[in-house]
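Coordinate inspection notes
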Amino acid sequence: MADVNIEASWKGVLEKEFAKPYFDALVAFVKSEYKHKTIYPPGKQIFSAFDHSPFAATKVVILGQDPYHGAGQAHGLCFSVNEGVRTPPSLQNVFKEIKRDLGKPIPPHGNLERWAGQGVLLLNSVLTVEQGKANAHKGKGWEIFTDAVIQKISQEKKHVVFMLWGSAAHKKGSIVDTSKHLVLKSVHPSPLVRNSTFIGNGHFSQANAYLVEHGFEAIDW
């Protein structure tokens, strides 16, 4: 079984997943890629989303696709970039919707660790990528792993908010038990989406209302 350097509570929840043959193959592939190519995020940050949001604390899940593939951008949290890196267009639209929905000012940087520390799991479907090659690690096993993560949250927790933006996230959300969780769907925040309705979706106020209704603290977006 692969010894995965991940936050302790998640290690316990996902222990059986780490013992499966597909995960061994995935680890071998990823190690080889890091050895011979430039891969993002840095190896120690592959599981940062879990490290910042322990299992018991997770109350919102935002699903991304794969990490940013430009130098210095990805650090293991979907949609998030390191401070000092220009805020990507999709995240700019997320901030615009928060401002419209909640009246909050647009932050000076795109590092979302502040959200993660409040129990927002910023999970990409695929956790690694080759420099300059979007989706380079698609179909290598990460999707099976992140499906298992969503399934565990759905089965073992109650009243989690899932924010699913874009068709890929919508498909992944089919695993979620909607009888005990809130699933919010919209188009992807990318400015490349024609006739986008992302700005105006009200996801952030809806998420907070649901959390408060079920006895949780609202997220300071």
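Above: the structure in question.
Residues numbered from 1 in each chain as written. Predicted model: local features only at pLDDT ≥ 70, side-chain atom pairs only at ≥ 80, totals over all residues. Heavy atoms only, no water.

Looking only at helices and strands, the protein chain has 9 helices and 6 strands in total. The C-alpha radius of gyration of the protein chain comes to 17 Å, within 12% of the 17 Å expected for a compact globule of 221 residues. Based on the C-alpha atoms only, the size of the protein chain along its principal axes is roughly 45 × 35 × 30 Å. Taken across its 221 residues, the protein chain has 51% of its residues classed as buried. The long-range fraction of contacts in the protein chain, counting pairs at least 24 apart against all pairs at least 6 apart in sequence, stands at 66%. Split by element, the accessible area of the protein chain, about 10,400 Å² in all, is 51% carbon and sulfur. Here the protein chain contributes 25 positively and 20 negatively charged side chains, and the mean placements of these two sets differ by 5 Å. (Helix = DSSP H or I, 4+ residues; strand = E, 2+ residues; numbered from the N terminus. Rg over C-alpha atoms; globule rule 2.2 N^0.38 Å. Buried < 20%, exposed > 50% of the residue type's maximum accessible area, 1.4 Å probe, protein only. Contact = heavy atoms within 4.5 Å. Areas by Shrake-Rupley, 256 points an atom, 1.4 Å probe, with all protein chains shown as cover. Lys, Arg positive; Asp, Glu negative; His and termini not counted. Charge placed at Lys NZ, Arg CZ, Asp CG, Glu CD.)

Moving on: the pairing of strand β5 (residues 161-165). The buried fraction of β5 amounts to 5 of the 5 residues, a majority that puts the element mostly inside the structure. Along β5, one buried face is formed by Val-161, Met-163 and Trp-165 and the opposite face, lined by Phe-162 and Leu-164, is buried too. Across 4 bridges, strand β2 (residues 60-64) lies against β5 in parallel orientation. Paired with Ile-62 across the strands is Met-163, a residue of β5. A crossover links β5 with its parallel partner strand β6 (residues 182-186), the connecting element being helix α8 (residues 167-172), and its sense is right-handed. (Pairing = 2+ DSSP bridges. Right-handed = clockwise from strand over helix to strand, strands pointing away.)

Let us now look at unusual backbone geometry. Across the chain, the bulk of peptide bonds are trans and the bulk of non-glycine residues have phi less than zero. Going from Tyr-40 to Pro-41, the amide bond is cis rather than trans, its omega being -5°. On the secondary structure map, Pro-41 appears in the loop between β1 (39-40) and α4 (48-52).

Moving on: the pairing of β6. Across 5 bridges, β5 lies against β6 in parallel orientation. Following the sheet pairing, Trp-165 is matched in β6 by Ser-186.

Moving on, we get to the packing of helix α3 (residues 21-36) against helix α7 (residues 142-156). One way to put it is that α3 packs onto α7 with a least axis distance of 9 Å and a crossing angle of 125°. By the angle between their directions, the pair α3 and α7 is classed as oblique. At the point where α3 passes α7, the crossing takes the left-handed sense. Contacts between α3 and α7 pair Tyr-22, Phe-23, Leu-26 and Val-30 from the former with Trp-142, Ile-144 and Phe-145 from the latter. Taken together, the residues of the contact of α3 with α7 sort by class into 7 nonpolar, no polar and no charged. (Axes fitted to C-alpha atoms, helices over the stretch in contact; angles between N-to-C directions. Parallel < 35°, antiparallel > 145°, perpendicular 65-115°, else oblique. Left-handed = near helix turned anticlockwise from the far one by under 90°. Nonpolar A, V, L, I, M, F, W, Y, C, P; charged D, E, K, R; others polar.)

A complete count under the given rule lists 11 salt bridges for this structure. One salt bridge connects Glu-33 with Lys-37, and the closest N-O pair in it is separated by 3.1 Å. As a salt-bridge pair, Arg-100 and Glu-97 come within 2.8 Å of each other at their nearest N and O atoms. Placement of both Arg-100 and Glu-97 in helix α5 (residues 89-102) is noted, with a separation of 3 residues, approximately one turn of the helix. Looking at Arg-100, the relative accessible area reads 45%, which means it is partly exposed. Through salt bridges with shared partners, a single ionic network connects Glu-33, Lys-37, Glu-130 and Lys-133. (Salt bridge = Lys/Arg side-chain N within 4 Å of Asp/Glu carboxyl O.)

Further remarks concern the packing of aromatic side chains. A complete count under the given rule lists 18 aromatic pairs for this structure. Ring plane angle 80° and centroid distance 6.1 Å describe the contact between Phe-47 and Phe-145, whose orientation is recorded as edge-to-face. Linking Phe-47 in the loop between β1 and α4 with Phe-145 in helix α7, this pair joins segments that are 98 residues apart in sequence. You can call Phe-145 buried: its relative accessible area is 0%. An aromatic cluster is built from Trp-10, Phe-18, Tyr-22, Phe-23, Phe-47, Phe-50, Phe-55, Trp-142 and Phe-145, whose rings are joined through pairwise contacts. Positioned above the aromatic ring of Phe-55 is the side chain of Lys-157, whose terminal nitrogen or guanidinium carbon lies 5.2 Å from the ring centre. (Phe/Tyr/Trp six-rings, centres within 6.5 Å; stacked < 30°, edge-to-face > 60°. Lys NZ or Arg CZ within 6 Å of the ring centre and 35° of its normal.)

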